[in-house]
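Notes for the structure review
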Amino acid sequence: MKILVINAGSSSLKYQLIRMETEEVIAKGGCERIGIPGGKLTHKAHGKTYVIEREMPTHTDAISLVLAELVDKEAGVISSMDEIDAVGHRVVASGEAFKKTTLVTDEAMVLMDEIAELAPLHNPAAILGVNACRAVMPGKKMALVFDTSFHATMPDYAYLYAIDYEDYRAYKVRRYGAHGTSHKFVAGEAARYLGKSPEELKIITCHLGNGSSISAVKGGKCIDTSMGFTPLAGVPMGTRSGDIDVAAIDFLCHKKGMTMDEGLNYLNKQCGVYGISGVSSDFRDLIAAKEAGNDRARLALDMFAYSCKKYIGAYMAALGGLDVIVFTAGIGENTPSVRRDAVAGLEAFGIKLDEAKNEAKGDGIREISAADSKVKILVIPTNEELVIARETAALL
Ligand code: AMP
């Protein structure tokens, strides 16, 4: 069975074709600059990279180009589209409309339109991606795989905000979380690596990338997560503020003459470690700047690690103990100093890092806790596309 995974953004589209029997990626790539001049497709297959520069006015043009490349005589990996058994689409927000992976139907797409406003930067792009695939591959089975589904198991006291309950009921304003496919994948991988069943474990999963979120996973189910109604909440991120007193936003909007929309744009795009450091949203740049003596880069890194540590402490309490901490995504997998600072001083809680193992580079799953640490600390490369493909295959 071969599953095509599609992750559509507003002007980009990433794809992977996965053979499910071996979970091997047969081909992958992405389209950039859809709808704007300078369109480009980068396609990787047979150990080679193929680049096509072509205008792609719409997502349908982009999907058509991807499919042409997948069946191309030289760069292709399949002889016809019939070899694709199904398509799995990544969708950021599900609201309360979808609790799990769902087959694409006309009815499901009506619901998708209704919840699009929950993630205005992401969900409309996913709808474009689905519609483009339906136009180019009519009749092909497709699944909607939501970033939020893994968090659907949170108890009401964890996902509710303390607002008027009738407003929650009317408008569904609550915590939904994000990065669910990643949290689910690494929690499962942690259990597999330790040779335990997920039911036995209390795990804190730290997905630290340009967007970051931390989840508490008990018995294989998410019981709390740091992102909220939107992916703006939680720890500070590349350019997102993370948690902030909303009254401070109102104050800032007045002072800077911003509308609420502009204020939200500011919190999403000009804050986080970028806003604090004034240097960059990229942690590699921040670490270089700190080493060169930039104190605001030092401050941004300290704030990030401190915030991660607070969530780890809070989730240890929520879980009633802790067996494993997992670090994943760009920063979690590649930045030892952040991992070190996020767990520093937690030895009293049985969390002890092995400094040398933490610094050592490596691929695959790595254990970086000290031999006498009660809590295992693992680095696990995430694989959101594989989860999307597995969910799609399971639905079929
Ligand atoms: P992500 O959003 O998961 O792609 O993560 C992006 C973040 O990971 C950026 O802040 C990068 O600086 C950081 N990062 C650090 N080292 C690496 C690396 N070797 N490869 C990719 N991202 C890295």
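Our structure is the block above this text.
What you see is a predicted model; the values in this text were computed from it and never measured. (Residues numbered from 1 in each chain as written. Predicted model: local features only at pLDDT ≥ 70, side-chain atom pairs only at ≥ 80, totals over all residues. Heavy atoms only, no water.)

**Considering the overall build of the protein**
Counting secondary structure elements, the protein contains 15 helices and 14 strands. The globule rule puts the C-alpha radius of gyration for 396 residues at 21 Å, and the 21 Å found for the protein is close to it. Each of the three principal axes of the protein carries a C-alpha extent, and together these read 60 × 55 × 45 Å. By the burial criterion, 50% of the 396 residues in the protein qualify as buried. Sequence separation of 24 or more characterises 60% of the internal contacts of the protein that already satisfy a separation of 6 or more. When the accessible surface of the protein is totalled, it reaches about 18,200 Å², and 52% of it is carbon and sulfur. Taken as two groups, the 45 positive and 51 negative side-chain charges of the protein have centres that lie 3 Å from each other. (Helix = DSSP H or I, 4+ residues; strand = E, 2+ residues; numbered from the N terminus. Rg over C-alpha atoms; globule rule 2.2 N^0.38 Å. Buried < 20%, exposed > 50% of the residue type's maximum accessible area, 1.4 Å probe, protein only. Contact = heavy atoms within 4.5 Å. Areas by Shrake-Rupley, 256 points an atom, 1.4 Å probe, with all protein chains shown as cover. Lys, Arg positive; Asp, Glu negative; His and termini not counted. Charge placed at Lys NZ, Arg CZ, Asp CG, Glu CD.)

**Looking at the site of the ligand**
Surveying the vicinity of the ligand reveals the residues Gly209, Asn210, Ser281, Asp282, Phe283, Arg284, Ala329, Gly330, Ile331, Asn334 and Thr335. Backbone polar atom of Asn210 to an oxygen atom of the ligand: 2.8 Å apart, as the coordinates give it. Separating an oxygen atom of the ligand from a side-chain N or O atom of Asp282 is a distance of 2.3 Å. Here the ligand has 490 Å² of accessible area as a free molecule, and 65% of this is covered by the chains. At the level of secondary structure, the elements contributing two or more residues to the shell around the ligand comprise helix H10 (283–291) and helix H12 (329–334). Here the shell around the ligand gets 4 residues from one element, more than from any other, and that element is H12. (Near = heavy atom within 4 Å. Polar contact = N/O pair within 3.5 Å; in protein donor to acceptor, adjacent residues only side chain to side chain.)

**Structural notes on the nonpolar core**
Leu4, Ile6, Leu13, Leu70 and Leu144 are the most contacted members of the largest nonpolar core, which has 46 residues in total. Discounting residues that sit within four places of it in the chain, Leu70 has contacts with Leu4, Tyr15, Leu17, Ala27, His43, Gly76, Val77, Ile78 and Ile84. Ile223, Leu301, Ile331 and Ile368 belong to the second largest nonpolar core, which has 35 residues in total. (Core = buried A, V, L, I, M, F, W, Y, C linked by side-chain atoms within 4.5 Å.)

**Here's the deal with a nonpolar patch on the surface**
Nonpolar side chains collect at one region of the surface, where Met1, Leu103, Leu395 and Leu396 lie side by side and expose about 300 Å² of accessible area between them. Relative to the helices and strands, Leu395 resides in helix H15 (residues 384–395). Among the residues examined, Leu395 registers a relative accessible area of 36% and is labelled partly exposed. (Patch = residues over 30% accessible without salt bridge, like charges linked within 9 Å, V, L, I, M, F, W, Y side chains within 5 Å. Salt bridge = Lys/Arg side-chain N within 4 Å of Asp/Glu carboxyl O.)

**Thoughts on the pattern of salt bridges**
Taken as a whole, this structure holds 16 salt bridges when the rule is applied. We note a salt bridge from Glu391 to Lys184, for which the minimum N-O separation is 2.5 Å. Of this pair, Glu391 sits in helix H15 while Lys184 sits in helix H6 (residues 180–194), and the two are 207 residues apart along the sequence. The exposure class of Lys184 is partly exposed, given its relative accessible area of 37%. Residue Asp341 pairs with Arg340 through a salt bridge whose shortest N-O separation is 3.1 Å. Assessed through its relative accessible area of 27%, Arg340 is described here as partly exposed. Within this structure, Glu96, Lys172 and Arg174 form a network of salt bridges that share partners.

**Quick look at the sheet that holds strand S10 (residues 212–218)**
Within the open sheet, the 6 strands sit side by side as S11-S10-S9-S12-S14-S13. Their pairing is mixed. The strands lining the two open edges of the sheet, one partner per strand, are strand S11 (221–225) and strand S13 (366–367). Summarising the sheet, S13 and strand S14 (residues 376–379) pair through 2 bridges and their orientation is antiparallel. When the bridges of S14 are listed, Glu367 appears paired with Leu378. (Pairing = 2+ DSSP bridges.)

**Some points on helix H3 (residues 123–136)**
In this model, H3 (14 residues) spans 20 Å end to end at C-alpha, consistent with the 20 Å of a helix rising 1.5 Å per residue. All buried positions along H3 are accounted for by Asn123, Ala125, Ala126, Ile127, Gly129, Val130, Ala132, Cys133 and Val136. Residues of H3 that are buried in the fold lie against strand S1 (2–8), helix H1 (59–70), strand S6 (86–91), helix H2 (106–115) and strand S8 (141–146). (Expected span 1.5 Å × (residues − 1).)

**Here's the deal with the state of the cysteines**
For the coordinates displayed, the defined rule picks out 0 disulfides. Cys31 takes part in no disulfide bond, and the closest cysteine sulfur, belonging to Cys133, lies 11 Å away. Residue Cys31 is classed as buried on the basis of its relative accessible area, which comes to 2%. Of all cysteine sulfurs in the structure, the one in Cys253 sits closest to Cys271, which takes part in no disulfide; the separation is 11 Å. (Disulfide = S-S within 2.5 Å.)

**Side note on the sheet that holds strand S5 (residues 48–53)**
Pairing is mixed in the open sheet, where 8 strands are placed in the order S5-S4-S3-S2-S1-S6-S8-S7. The two strands at the open ends of the sheet, each matched to only one other strand, are S5 and strand S7 (102–103). One ladder, built from 4 bridges, connects S1 with S6; its direction is parallel. Bridging from a neighbouring strand, Leu4 pairs with Val87 of S6. This element, H1, spans S1, strand S2 (13–19), strand S3 (24–32), strand S4 (40–45) and S5 of the sheet and lies at about 35° to S2. Where H2 meets the sheet, it contacts S6, S7 and S8, and its direction lies at approximately 30° from that of S8. (Axes fitted to C-alpha atoms, helices over the stretch in contact; angles between N-to-C directions.)

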